[in-house]
Each structure stands twice: as C-alpha cells, then as structure tokens.
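Observations on chain architecture
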Amino acid sequence: MHPVLFKFGGLSIHTYGFFIALGVLSGLFLARHEARRLDLNPDKVVDACFYIVVAAIVGSRVFYVLTNLDAFMAAPLDAFKIWEGGLVFYGGLIGALAMFVVHLRISKLPLGKMADIGAVCVPLGHTLGRLGCFFAGCCYGKVCQHPWAITFRHPDSLAPLYVPQHPTQLYLSASNFCIFLLIFFLRRFKQYNGQLFWIYVAVYGINRSMIEFFRGDFRGAVFWNTFSISQVIGISSAIVAIIMLIGLGRKHRITPKNV
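What counts and how
Residues numbered from 1 in each chain as written. Predicted model: local features only at pLDDT ≥ 70, side-chain atom pairs only at ≥ 80, totals over all residues. Heavy atoms only, no water. Phe/Tyr/Trp six-rings, centres within 6.5 Å; stacked < 30°, edge-to-face > 60°. Helix = DSSP H or I, 4+ residues; strand = E, 2+ residues; numbered from the N terminus. Buried < 20%, exposed > 50% of the residue type's maximum accessible area, 1.4 Å probe, protein only. Expected span 1.5 Å × (residues − 1). Contact = heavy atoms within 4.5 Å. Core = buried A, V, L, I, M, F, W, Y, C linked by side-chain atoms within 4.5 Å.

1. Remarks on the packing of aromatic side chains
Under the counting rule described, the total for this entry stands at 12 aromatic pairs. Ring geometry for Phe-19 and Phe-135: centres 5.5 Å apart, planes at 5°, overall stacked. Of this pair, Phe-19 sits in helix H1 (residues 15-37) while Phe-135 sits in helix H5 (residues 111-136); the two residues are 116 residues apart in sequence, bridging distant segments of the chain. When its relative accessible area of 13% is taken as the criterion, Phe-19 is described as buried. Seen from their ring centres, Phe-134 and Phe-135 are 5.5 Å apart, and the 70° between their planes marks the pair as edge-to-face. Residue Phe-134 is classed as buried on the basis of its relative accessible area, which comes to 11%. Its relative accessible area of 23% is what places Phe-135 among the partly exposed residues.

Okay, structure coming up:
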C-alpha cells in the first residue's frame, strides 16, 4: 500500500511506525482515563504503562528476529529497523508481562486493577498498530480470489506484489476493535479484579488462532504441519485463561469482594 507516509527532506516517516506510535498514545490516553475511574494515581499508571510498552516493543521485535533468524544473520543491523515492520504480538505480550510484574512490585500498584486497565487499552492500541501492518505489507495473507482480496503494488511493500491476498491485517485490526468494544462494555460489570484481563486473553487467543489460518507470511516453526507458533501460544493461553476465569469465578462467589 503506502509504506512511507511522507518525506520531508531526507527524513522519511514510515506509515507502520506512525500507526504504532498512534496506537501507543491512544493506549496511554485511555490508561490515564481508566486510572481515574478506578481511583488510581494517573501519573503512576501512565509511567508503568510506558515501561511496559517499551518492554513489549523489545519483546515483539526479538520474537520476530528469532523466528526469521536466517534472514537477520545475513544483515544483523536490520534487526533494529522496526519502522519497516516486523513485530510479533505474542513476543510483545511476554515482554510486557515480565515488565508488568517487575514494575508493579516496585510501584506497588494493584496487580488486578492494572491488568484490567491493560485489557481495555491493549486491543485499542493493537487495532491501530495492525493498520500499520496493512500499509507496510507485513503479516500478509494467503492468495485468494474473494471480492475483498487486496493486491499490493508498491515496490517497498513487504507483501508479495500483484497477487490478490486475504487482508489479514484488516481482519486482525477489525477483530481487535471488536474485542476492545467488548472489554470496554464489560468493564462496568466485572465481578473481581483481573476478570477483564483473563477474558481478553481467552478471546484474543481464540480469535488470533482462527485468523492465523489465513496468513501467508513465514511465521516460524509449524507444529503437526498445521499450527504456527502464534496459534500454539494463542490456544494454550486461551485454555489457561478459561481455567483461570472458572477458578476465580468460583472463588469470588465464595468470598465476594468489592471491585
């Protein structure tokens, strides 16, 4: 599509980086709003979110490099060119969760409430980030002949050129926006802290695993000749999330707490 948003002299603003930045800013803005709603210190929450976002970007890039190691062995410095595309969400989630636990122990912010704030903010930011994937051409789909297929023609696109493909980037963006609307609606009806987080993990894991079947790009190892790494992680995390929701739901019914 349009990998470069615009050029100003020798400076190029990449569309992928622009939408990633827009997604981060929208998530931070919403995190501040949710912090006030939950009677938390907005500045401390935004500070925590900033460190978590940085860890997420590093983790997602490292995961992408590891799954495409042969290509980066030939050009190691390309590993730092994240503005050209190449971030794996589950790598980012692992990095974010690690920073989340460490930073919250230092800042003494409540784990459950912060997890629920993340469940609201992440799908909104992810919605915008996937639009960046669309313009860059990464995360492209399999060849198809459906009326809604897209064809990339820009020479700098990361997708194969001049062949109709599933617009998997738009599938992911639209589905993340639906998840955001769902979590945003449910947040006023949650029964215990952490519930929204596990709902998000379950819904996203199932959703992502389904859309992966339409992906056409290389995504690392394939298990049982069917499932990608992201699908294995998605299905596994969804199962864990469902178990946690059942267990925490039973615990809450026995010992209800105010949220």
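2. Considerations on helix H6 (residues 168-186)
Its 19 residues place the ends of H6 27 Å apart at the C-alpha level, agreeing with the 27 Å of an ideal helix rising 1.5 Å per residue. Buried-residue contacts for H6 involve H1, H5, strand S3 (150-151) and helix H7 (195-211).

3. Details of the nonpolar core
Core analysis: the largest hydrophobic core is formed by 37 residues, its most contacted members being Leu-40, Val-45, Met-114, Ile-117, Ile-183 and Tyr-200. Contributions of two or more residues to this core are made by H1, helix H2 (42-67), helix H4 (89-107), H5, H6 and H7. Tallying contributions element by element places H7 first for this core, with eight residues. Every residue in contact with Ile-183, bar those within four places of it in the chain, is listed here: Ala-119, Val-120, Leu-196, Ile-199 and Tyr-200. The next biggest cluster of nonpolar side chains, apart from the first, holds six residues, and it includes Tyr-16, Leu-87, Cys-133 and Cys-138.

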